[in-house]
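Below, each chain spelled out in residue letters.
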Amino acid sequence: MTRYNFPDQSQDVISVSSLNRMARDLLEAGIPPVWIGGEISNLTLAASGHAYFSLKDGGAQLRCVMFRHKLSLLPFRPQEGMQVELRGQVTLYEARGEFQINVGEMRAAGLGRLYEAFERLKARLQAEGLFDNARKRELPAHPAAIGIVTSPAAAALRDVVSTLRRRMPGIPLILYPAQVQGETSARQIADAIRQAGERREVDVLIVCRGGGSIEDLWSFNEEIVARAVAACPIPTVSGVGHETDFTICDFVADRRAPTPTAAAELVSPNREHLAIQLEQTKRALERALGRLLTDKAQQLDFLGRRLTHPGARLQTQRERLNTLSQTLRQRVHAAFEQGRWRLQLAGTRLARHQPDLDAGRQALRQRQDALIRARDRLLERRAQRLAQLAATLTALNPDAVLARGYAIVQKQDGHAVKNPAELLNHEKVTLRLAEGSTEARIEHSEGAQAQLPF
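Residues numbered from 1 in each chain as written. Predicted model: local features only at pLDDT ≥ 70, side-chain atom pairs only at ≥ 80, totals over all residues. Heavy atoms only, no water.

A. Focus on the nonpolar core. If you look at the biggest cluster of nonpolar residues, it comprises 53 residues, and the most contacted ones within it are Met106, Ile189 and Ile193. Here this core takes 6 residues from helix H5 (residues 185-199), the largest share from any one element. Residues contacting isoleucine 189, with those up to four places away along its chain left out, are Val149, Ala178, Gln179, Val180, Val207, Ser219, Phe220 and Val225. With 18 residues, the next largest nonpolar core counts Ile171, Ala257, Ala262 and Val267 among its residues. (Core = buried A, V, L, I, M, F, W, Y, C linked by side-chain atoms within 4.5 Å. Buried < 20%, exposed > 50% of the residue type's maximum accessible area, 1.4 Å probe, protein only. Helix = DSSP H or I, 4+ residues; strand = E, 2+ residues; numbered from the N terminus. Contact = heavy atoms within 4.5 Å.)

Here it is as structure tokens:
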């Protein structure tokens, strides 16, 4: 608990805000959240979604506020004069210095045990998977028959029947009667649901009753009803109470409707809408049929223009055959004439280019004689030229010179010496003679030529 050192009355002065803040802290620290019972009065639902009201009894009243996020979790809507039990934090609204309760939970007075039982059963069935969307079935779009589980005296039955007669009067309705309030009502509702499932007379089943308190609607929170709805082979719609009322039956059913009238609208097609759709479909079919007939008529006209009498068709083919036959004869005659002309031309060319064998033989003999004469003259000229070259070669042959007593001086590398200046004193040379060769040494007069070193 927060402790404050309050100022001396004769000296320190604090602001109003500080005092209110200290009072708020003391209230919130000193009083834990508690359950309080009383009657709702002066209820105001603000545009923000928050609820402001007073909770009163015979001797006092208390300002309360319930914020939007908490208010949206309630299974009912608070109303003026309603007896409730609420749990909240005692605090002080500093701006006005008003003592108030910030409400976190609220229930109808005396119904604490019912709400606890509701939440326990809801949690258990939810854990079993009875609320899973995977097991929810689709409602038939055009049911052949509709079943209703409710009391024959219930106003909800009149609402459902009038709605169904207005929307689709041709659909048969079957009532499975059951009391919807009282000690045996839960058993009767479950039996009616099982009977509908066994008889299989309808395509969809409405389980409904009008609005009321939580005690009035409690039959639809019983486990026996929830099990019957879950086991029903027929798609079910729960339309129990008003829009703010929620029951276990709502969570187990395939669809939840906020009211019995809404349940009737869910299961039945709208006759006016169907009439509009039917008219639109009819017009679309008429347009499609008109286009088809137009296309087929045009196609028929086209084929009719192409259709001819067999006799006319044979006459046309006969004329075409005659034309082709005449064309063929003309082309064969033209080809024959062209071939004959080409043959004559080839004969003329052949006659013009045919060889004369006798003249050819005579010309060949003349050319042969001329060739022999030319050969003999060429041989004679070549023999004369050869004799001249032989005489020249003989005159230039070094052996012939050597035979007349001359010699060729060659150095050791075989080079023929033409000038004495090429020779060194005491250099060895080779003397080539007509009938062999010999060695010699060069002897110059002293000082006349360089000499080899010894």
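B. Quick look at a nonpolar patch on the surface. Together, Leu289, Leu292 and Leu293 make up an exposed nonpolar region whose accessible area comes to about 300 Å². Structurally, leucine 289 is set in helix H9 (residues 271-306). (Patch = residues over 30% accessible without salt bridge, like charges linked within 9 Å, V, L, I, M, F, W, Y side chains within 5 Å. Areas by Shrake-Rupley, 256 points an atom, 1.4 Å probe, with all protein chains shown as cover. Salt bridge = Lys/Arg side-chain N within 4 Å of Asp/Glu carboxyl O.)

C. Fine view of unusual backbone geometry. The residue asparagine 42 is not glycine, and still its phi comes out positive at about 55°. Here asparagine 42 lies in strand S1 (residues 34-45). Assessed through its relative accessible area of 46%, asparagine 42 is described here as partly exposed. At arginine 200, a position not held by glycine, the phi torsion is positive, near 50°.

D. Layout of the environment of arginine 342. One can find arginine 342 in helix H10 (residues 310-352). Each C-alpha atom of the pair arginine 342 and histidine 69 lies 115 Å from the other, and the pair is 273 residues apart in sequence.

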